[in-house]
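Structural overview for review
Residue-level listing of the chains:
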Amino acid sequence: MKRQPKSILYTGSLNAAFGIDMLLEAFKRIDDKEYELWICGAGGIQNIVEEYAKKDKRIKYMGFLPKNEIALLQKKCDVLVNPRSNRDEYTKYSFPSKTMEYLLSGSKVVMYPLSGIPKEYFKFINFIEGDSIEDLKNALIGACEDKNFYNSKSQQQIEWISTEKNSEKQVEKVKSILE
């Protein structure tokens with residue numbers, strides 16, 4: 001499947017607590033007509049997402065889609081984003097499951113360095129440095145402009161998730177902790 005350059009995808013709940021409003025505002029500030037923001041999901045601020053999509057034709061709101069369609073989009077896009085910040089108390093213990101899902105797609109991943117994410121994941125994630133909308137915008141642009149990723153890191157990322165984070169390895173880790 002051919003990837004679409006400068007396409008940014010978010011999949012998940014559309015709640016302000018997850019930074020969706022900041023993502024919309026950051027994308028709005030990208031002054032390049034070739035960029036697209038694809039959003040899949042439903043939730044609390046869905047109406048705001050729909051309003052942004054009406055005002056900016058580069059924003060594609062796709063609604064709530066089946067898992068197999070989401071997986072295809074994750075492999076077609078250039079960048080996957082999780083705009084959940086580290087500001088709230090619960091994120092200190094949070095490891096969004098979409099992190100593994102995103103990495104397994106082989107796409108570039110942009111997110112905040114949440115405290116609940118082990119350091120071993122850091123080599124595969126483009127982190128948002130800072131808490132401003134401008135910082136989020138710059139991280140998205142930086143990831144989209146990375147022309148070497150698909151030649152070097154994409155396959156490494158897929159292999160690492162597939163071999164090191166599979167169910168057998170996780171059971172081994174739990175056993176070693178209990179022994």
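Below or above, wherever it landed, is the structure these notes cover.

What counts and what doesn't
- Residues numbered from 1 in each chain as written.
- Predicted model: local features only at pLDDT ≥ 70, side-chain atom pairs only at ≥ 80, totals over all residues.
- Heavy atoms only, no water.
- Pairing = 2+ DSSP bridges.
- Helix = DSSP H or I, 4+ residues; strand = E, 2+ residues; numbered from the N terminus.
- Contact = heavy atoms within 4.5 Å.
- Axes fitted to C-alpha atoms, helices over the stretch in contact; angles between N-to-C directions.
- Buried < 20%, exposed > 50% of the residue type's maximum accessible area, 1.4 Å probe, protein only.
- Polar contact = N/O pair within 3.5 Å; in protein donor to acceptor, adjacent residues only side chain to side chain.
- Salt bridge = Lys/Arg side-chain N within 4 Å of Asp/Glu carboxyl O.
- Phe/Tyr/Trp six-rings, centres within 6.5 Å; stacked < 30°, edge-to-face > 60°.

Digging into the sheet that holds strand S4 (residues 79-82)
Reading across from one edge, S3-S2-S1-S4-S5-S6 is the order of the six strands in this open sheet, with parallel pairing throughout. Of all the strands in the sheet, the pair left with one neighbour each is strand S3 (59-63) and strand S6 (126-127). Across the sheet, helix H3 (residues 67-76) is in contact with strand S1 (7-11), strand S2 (36-40), S3 and S4; its angle to S1 comes to roughly 150°.

Describing the side chain of Lys-108
With respect to the element layout, Lys-108 can be found in strand S5 (residues 108-111). The exposure class of Lys-108 is buried, given its relative accessible area of 2%. Within the structure, Lys-108 has its side chain in polar contact with the side chain of Asp-78 (distance 3.0 Å). Aside from chain neighbours lying at most four places away, what touches Lys-108 is Asp-78, Val-79, Leu-80, Asn-126, Ala-143, Cys-144, Asp-146, Phe-149 and Tyr-150.

Some points on the environment of Met-111
Looking at the element boundaries, Met-111 is found in strand S5. Take Met-111: its relative accessible area is 1%, and that puts it in the buried class. Considering only alpha carbons, one finds Met-111 and Asn-126, 15 residues apart in sequence, at a separation of 6.5 Å. Excluding residues within four positions of it along the chain, Met-111 makes contact with Asn-82, Thr-99, Ile-117, Ile-125, Asn-126, Phe-127 and Ile-128.

Remarks on the pattern of salt bridges
Within this structure, the stated rule accounts for 12 salt bridges. Here Glu-51 ties to Lys-54 by a salt bridge, and the two come within 3.6 Å at their closest N and O atoms. In this pair, Glu-51 and Lys-54 are both assigned in helix H2 (residues 46-55), three residues apart and thus about one turn of the helix distant. Under the relative-accessibility criterion, Glu-51 is labelled partly exposed at 39%. When its relative accessible area of 57% is taken as the criterion, Lys-54 is described as exposed. Note that Glu-164 is salt-bridged to Lys-169, the shortest N-O span being 3.9 Å.

Re the packing of aromatic side chains
A full pass over the atoms with the stated rule returns five aromatic pairs. A centroid spacing of 5.0 Å and a plane angle of 90° characterise the contact between Phe-149 and Tyr-150, whose relative ring orientation is edge-to-face. When its relative accessible area of 4% is taken as the criterion, Phe-149 is described as buried. Among the aromatic side chains, those forming a connected cluster through ring pairs are Phe-95, Tyr-121, Phe-124 and Trp-160.

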